[in-house]
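The primary structure of each chain is shown beneath.
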Amino acid sequence: MRAHLTRRTLLGGVGAGAALVATGCSAAAGRGASELIVYTGATGQLTNNFNPFTPTSNPPARGIIYEPLMFFNQARDDEPTPQLAESYEWSEEGRRITFRLRKGVTWSDGTPFDSADVAFTFELIRREESLNTYALPITDVRAVDQHTVSLGFSRPVYAELWYVAGYTFMVPEHLWSKVADPATHPNTDPVGTGAFELESFSPQDYVLTRNRSYWQEGKPEIPAMRYISLSGNQAATKALLAGKLDWTTLVVPRIDRTYASRRETNNYVATPLYLTVLIANTVRGLTSDVAVRKALSLGFDREQINQLVYNGKSEAPSPAMLLLPRDERYVAPELRGKRMRMDQRRARRILEQAGYQRGEDGIFVSPDGERLSLALKITSGYTDYISAANVMRQQLEKIGIELVPREVSYAAFTADRNNGEFQLAIDNLYGGPGPYYLYNDFYNSANTAPIGEQANPNYARFRDGTVDAALEAIGSTRDEEVRQRAYARLQRVIAEQLPYVPILQRNAVTQYRTEAFTGWPSEDDQYAVAAAQFAPDLGIVAKNLKVKK
C-alpha cells in the first residue's frame, strides 16, 4: 500500500474516449442537494472492492469508510489531528508508542470500537508480510485496557509516525478475524467507523450514504455521494463542464476560461503534491555520468513547459526536492530561495569539461565515443508527459543532447522502471506529510535493487552513504535541530548528484462546485488535500462538506 495515490488516479485517463457512461449521466441529472457526484479517474467497469489493505480498492475504502488513528494534513505543515485516537505518547527512545483511543465510537453495524480492534489490525500487519507495505518493524502489540493500545518496534520509528497512525486503517476484529486471506479479500460489504457507509454498488457507480451513528457530532451533513465511472479524461471534462460532476481532479485545458468563468459556482483549488521528474538510471549507460544529469537539468526551460502543458499552474522545483511552501523550514540554508532554472551555456560547459565533444550533427559524443542520445520512456496515452517530452526534446537539442521519447504501455513502463530497464523515464515522486517520506522512499539505498530486480521504489538505483546516514539520523530522533542538519546534509548530496532530474513541482488541481455543497478546501484554508481520490484526506473533506442553505 506504499503508493497511496497513483498518477493515473490523480489525473484521470488523459486522452481516453469521450462517451459518458450512461448511468453516470443520468445519475448526475437533477439530483439537487441530495447527492454529491464524484469522479476519481475510474474508467470501465468498477470493481466491488473496499479492502483498505489493497491499493487497488475503491478510494473511499481508505478514509471515508475505514479510518486511521490520526490525520496528517499533507497540504500544509500542521500538527497531526486526532481521529480514532485522541493522543499518543512515545517511549523507549522511539521504539514504543502508546495510543489513547476515542471513546463512544462504534462500527457501522453497531458493534463498539475498542483497543481489541486496533491491536488486531496491527497484529495482522505484523503477521502478514504482504500487508506490511511500509515494512514497519513491529515486535509486539498490546491492548493495555479497553481504550489504550501499545505498539513495540525493533528500532526507533519517530519519522514513521504517519505510516503507523496516519495511513493504517482500522478494521473490526469481529469480522476480519474470519477472513482467510486479508490481502485478497474483496470486502464487498464493508463495515467501518467512517462517516459514510456503502449503500449500493454496480459496475457503473456506487453510492455511499451518511453514517448516522458517526462519532463526530453533527457530521457528516451531506446525505449521499455517488462515485461514477467514465470512459476517460475527455468524457470527464465534458461532464464537468456540463455541470454533472461536483468533485474531481482533472487536467482541464485553460481552466479559468473553460471552467471557472463558466459558472459562479465553479471553483478549483491547486495543491502542491508531487514532483514530476526524469528518473535517471544511475548505474548503467550515459545517465550514470553526473555531468550528463547536470546538463539535462540545466538544458530545458521549465516555465515554458509549465505554460504550454500545465496551464501555468505548476512551478519550478527546489533543488532540495521538497514541496514548497509546506516544507520551507527544512530547506538547507544555501538552497533557500533557489529554484531550478535553465542555463544552457553552463550545461554545454559542464559536458565539455567532462570530456564530451560535439559531433558533426551537433550532438555531443562521450569520451568513449558514444553519441549523447538518450531514450526517454513514457507511458502511452499520458498526453501531458508526451507534450512535456516534446518540449524538452527541442530545448535539449540546442545544447547537443538528443532526447528520444518512446511510448510504452503502462504495464511495460512499470516493469521497465521497476527493473531498471531504461535510460530515462518520466514519472512523479510522492511523499507524505513531511520530507522524510519522499527522501526515504526514493533515495534510501535500502529501497533499491540491482538491474533486473524490482526496486521499491528507488528506481534510479541511487546509493549514497551520506544520504543513508542522514535518513537514519532523522528517523531516530525528535530533535528538530538534529533533523534539520541531517536534512541539509542529504539535500547537498541529491542537489549535486541529481538521480532524479526535477522538471516541475506539480499542483493537483481539484475542481468542485458550490451550487449545492460548500465547505471545500480553498487556497486560504487547505484543511486537507482537496483531490477527490487522495486518501485519507477524501474522508476529511467529505465529512466537512455542508449542504448549502
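What counts, and at which threshold
- Residues numbered from 1 in each chain as written.
- Predicted model: local features only at pLDDT ≥ 70, side-chain atom pairs only at ≥ 80, totals over all residues.
- Heavy atoms only, no water.
- Buried < 20%, exposed > 50% of the residue type's maximum accessible area, 1.4 Å probe, protein only.
- Helix = DSSP H or I, 4+ residues; strand = E, 2+ residues; numbered from the N terminus.
- Arc of directions from axis to C-beta.
- Contact = heavy atoms within 4.5 Å.
- Polar contact = N/O pair within 3.5 Å; in protein donor to acceptor, adjacent residues only side chain to side chain.
- Pairing = 2+ DSSP bridges.
- Axes fitted to C-alpha atoms, helices over the stretch in contact; angles between N-to-C directions.

Regarding helix H14 (residues 465-475), the residues found buried are Val467, Ala470, Leu471, Ile474 and Gly475. Projection of H14 onto a plane perpendicular to its axis shows the buried side chains occupying an angular sector of 130°, all on one side. Exposed side of H14, more than 90 degrees from the buried face: Gly465 and Glu472 are the residues found there. Its buried side turned inward, H14 meets helix H13 (435-443) and helix H15 (480-497). A side-chain oxygen of the first residue of H14 lies 2.9 Å from the backbone nitrogen of Thr466; this N-cap is Asp464.

With that settled, consider the sheet that holds strand S7 (residues 148-153). Read across the open sheet, the four strands follow the order S4-S5-S7-S6; overall the sheet is antiparallel. Sheet topology places strand S4 (85-91) and strand S6 (138-145) at the edges, where each strand pairs with a single neighbour. Between one strand axis and the next, the sheet turns through 20° on average, direction left out of account. Pairing of strand S5 (residues 96-101) with S7, which is carried by five bridges, proceeds in the antiparallel orientation. In the sheet register, Arg96 faces S7, and the bridge partner there is Gly152. Together, S5, S6 and S7 form the strand contacts of helix H3 (residues 115-127), whose direction differs from that of S6 by roughly 170°.

Looking at the element boundaries, Ala532 is found in the loop between strand S19 (517-518) and helix H16 (537-544). Sequence separation between Ala532 and Thr40 is 492 residues, and the spatial gap between their C-alpha atoms is 5.8 Å. Leaving out residues up to four positions away in the same chain, Ala532 has contacts with Val38, Tyr39, Thr40, Trp247, Thr248, Thr249 and Leu538.

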